Structures are given as C-alpha cells and as structure tokens.
Amino acid sequence: METIRCLILGSGPAGYTAAIYAGRANLNPVVYEGLQPGGQLTITTEVENFPGYPEGVDANQMMDDIRRQAERFGAEIRQQTATAADLSKRPYVLTFDDGSQVACHTLIIATGASAKFLGLADEEKYRGMGVSACATCDGFFYRKKTVAVVGGGDTACEEASYLAGLAAKVYLRASKAMQQRVLDNPKIEVLFETNTLGLYGEGGVEGAHLVHKKGTPEERTYDLPIDGFFLAIGHRPNSELFRSALPCDETGYIITENDTPRTVLPGVFAAGDVADPHYRQAITAAAAGCKAAIEAERYLMEQGL
C-alpha cells in the first residue's frame, strides 16, 4: 500500500492553499480533488473580494490559478473521491472510489460544505444568473436592486440585513419568530407564511412564483419581480466520512482545538468550510489551509517523519 506524508482531501481554497504550503515545505502533498474540483466557488461566476484581483476574477479561473500554484511546488493532484476512512490507527488509511487505498502520516480534511437548496429545478437553471447561496460573496452585484432571501432562521436574518445595506429592496421569506432588527428595517419586507414555487426570467432571474398560506382556504399564488434570489437555509458540512472518528457539532462541522486546525487525532487537521460554521469565505478557508499545512509540517518534524 502506498504511504504518503501529507494527504489533502478537498480542492477548494483550503485544500489548494494547504497544498501550496505543504509543497513548499517539501512534504510531497497529494491532493484528492473529489467530486467538485475547485470547491463551491466553481458554481459561482465572478469573485471580487479575494485579495490580489483588483478588477475581480472569474471564480473558475481563480481556482485554476491556485491549483497551478500548488502544482508548481510539487503537489500531486488526483481526481478520486474518498469513500471510507480508517482513523483507528496510524498511519491512517483512506479508500477511494476506484478501489485504491492510501496510507498517510498526516491528513488535512478540506472537504468543504454544501449549501442547502430548496430543490427547485429553477435553482439549477439560474445558478450564477441570479441565484446565490452567499450574500457576502454575491450581494455586491445587486447594489440598488431588488432581491429575495429564503430562510426563517438567524442566517436568513443576517443575510437580509447585510443585503439591505446594498440592495434597494429586500424581501424575506420567513417564519414569524423574526429578529426585531429585521422587522424594523424599512428596506426589508418580511413575507410570512410564503413559499417559493419557482423562478422566471430570460437570461437570468427576473422574478419568483410564490404561494401564500399554501394548503389553506386563504391560499394565494402570485409573482414577485426580483433581480436576485438568495438561499439562506443553511449549509451541510461534507464530514460524513469522519463523524464516527472525530467530534462534530450538532450540524456536522468538525470541531477543532483552540482556534487551530488540529483535531483530537494526532496528525489529522480540518480546514475551511468543513470546520467553519461562521465565516465560510474563500479567504478564511485559504488561511485555514495555510495553518493546517504548517501544523502538518510541525507534526511530521516532531514525529521524525
């Protein structure tokens, strides 16, 4: 069985940045890209808030730049997806979808998190053309426009409040248990007991098909003109393989120690959105990947590996 010093699972900003640092430290990192090479950013369009791109950059281009930078420093990129992980003893052993098994002395888990969607066909149709799951990432493109936020919890309130500072009008589909600061904001209109049936528009989102009080005698359907449709119903960390071996919070985010990427297992680190329920930004994921690689290098030195 092949044994490597540093194995990185995931190929978003965290995984690729970890590979850059591990490669420069001569750890000969191997990166398994998984099902979504480049991570969540590859499903969006332009990125304007990542340092180094003053005019903005196509998201796929940016991730390709970071990938090539990792390869420049010796990272080996593989396309397989992990299907099982044995973290009961060292070196740790991972199994991949082609049947191969690899042992590793250090493991950096950078598998990210996936935004939850309503499951509407129109969400996929208009993804990157008016549909977004990140107000911080994409809200800037909707300055002085009309947007809708779907969600009924604290995340939706935060997204709506953030967007209200940019957009001309924000509609929020929410439950009645709303934070007062949202209800008091004149730019936010809360649509209680309202669900989304679909979206419409030519070349991008122009509006949403809604239903009010669905399944009741007062049920009413109508169309709401909007320019952007933001999902704020949560994220699902891609941590399923590791939940039996590593402590996770109630949502599944891997718990790390004292603001570091270290987990309870020696030589196992978690970086990026898989361990970050709060920020979920490309820049914070990249920073976490950097820290994970530095921690991996220190661990290997301590172990004489």
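Above this note sits the structure.
In this text the structure is predicted, and so the values were computed from the model without any measurement.

Peer 1: Please explain the sheet that holds strand E14 (residues 194–200) as it appears in this structure.
Peer 2: Backbone hydrogen bonds hold the strands of a sheet together, and the pairing may be parallel or antiparallel. Reading across from one edge, E14-E15-E16 is the order of the three strands in this open sheet, with antiparallel pairing throughout. Lying at the two open borders of the sheet, with one neighbouring strand each, are E14 and strand E16 (220–225). Strand after strand, the sheet turns through a mean of 25° between neighbouring axes, direction not considered. Pairing between strand E15 (residues 207–212) and E16: six bridges, direction antiparallel. Among the inter-strand pairings, His212 is bridged to a residue of E16, identified as Arg220.

Peer 1: Help me out: how do you make sense of the state of the cysteines in this one?
Peer 2: The bond known as a disulfide is covalent and runs between the sulfur atoms of two cysteines. With the rule as written, the count across this model stands at one disulfide. In this model Cys134 forms its disulfide with Cys137; the gap between the sulfur atoms is 2.2 Å. The S-S bond linking Cys134 to Cys137 shows a torsion near 70°; that makes this disulfide right-handed. Look at Cys134 and you get buried, because its relative accessible area is 16%. A relative accessible area of 25% means that Cys137 is categorised as partly exposed. As a non-bridged cysteine, Cys6 has Cys104 as the owner of its nearest cysteine sulfur, 8.3 Å distant. Between Cys290, a free cysteine, and Cys6, which holds the nearest cysteine sulfur, the sulfur-to-sulfur gap is 13 Å. Its relative accessible area of 16% is what places Cys290 among the buried residues.

Peer 1: How do you make sense of helix H7 (residues 282–302) when you look at a structure like this?
Peer 2: With 21 residues, H7 extends 30 Å from end C-alpha to end C-alpha; this agrees with the ideal 30 Å at 1.5 Å per step. Looking at the buried side of H7, the elements it contacts are strand E1 (2–9), helix H1 (13–24), strand E8 (101–109) and strand E19 (268–270). Phi turns positive, to about 70°, at Gly304, one or two residues after H7.

Peer 1: Mind showing me how you'd approach the nonpolar core here?
Peer 2: Proteins that are soluble and globular tend to have nonpolar side chains buried together. Grouped together as the largest cluster of nonpolar side chains are 34 residues, with contacts concentrated most on Ile8, Leu41, Val47, Met62 and Ile108. Residue assignment for this core shows that the elements contributing at least two residues are E1, H1, helix H2 (59–72) and H7. The greatest single-element share of this core, amounting to nine residues, is contributed by H7. Beyond its immediate chain neighbours, meaning those up to four positions away, Ile8 contacts Gly15, Ala18, Ala19, Pro29, Val30, Val31, Tyr32 and Ile108.

Peer 1: When you look at the packing of aromatic side chains in this model, what are you seeing that I'm missing?
Peer 2: The relation between two aromatic rings is expressed through the spacing of the ring centres and the mutual angle of the planes. Within this structure, the stated rule accounts for two aromatic pairs. Ring centres 3.8 Å apart and planes at 15° place the aromatic pair Tyr32 and Phe96 in the stacked group. Here Tyr32 is found in strand E2 (residues 30–32), whereas its partner Phe96 is found in strand E7 (residues 92–96), with 64 residues between them in sequence. For the pair Tyr32 and Phe96, a shared accessibility class is recorded, and that class is buried. Their ring planes at 80° and their centres at 5.4 Å tell us that Tyr142 and Phe230 sit as a pair that is edge-to-face. Of this pair, Tyr142 sits in the loop between helix H4 (135–138) and strand E11 (146–150) while Phe230 sits in strand E17 (residues 228–231), and the two are 88 residues apart along the sequence.

Reading the values: the criteria
- Residues numbered from 1 in each chain as written.
- Predicted model: local features only at pLDDT ≥ 70, side-chain atom pairs only at ≥ 80, totals over all residues.
- Heavy atoms only, no water.
- Pairing = 2+ DSSP bridges.
- Helix = DSSP H or I, 4+ residues; strand = E, 2+ residues; numbered from the N terminus.
- Axes fitted to C-alpha atoms, helices over the stretch in contact; angles between N-to-C directions.
- Disulfide = S-S within 2.5 Å.
- Buried < 20%, exposed > 50% of the residue type's maximum accessible area, 1.4 Å probe, protein only.
- Expected span 1.5 Å × (residues − 1).
- Contact = heavy atoms within 4.5 Å.
- Core = buried A, V, L, I, M, F, W, Y, C linked by side-chain atoms within 4.5 Å.
- Phe/Tyr/Trp six-rings, centres within 6.5 Å; stacked < 30°, edge-to-face > 60°.

Distances and angles like these do not, on their own, reveal function.
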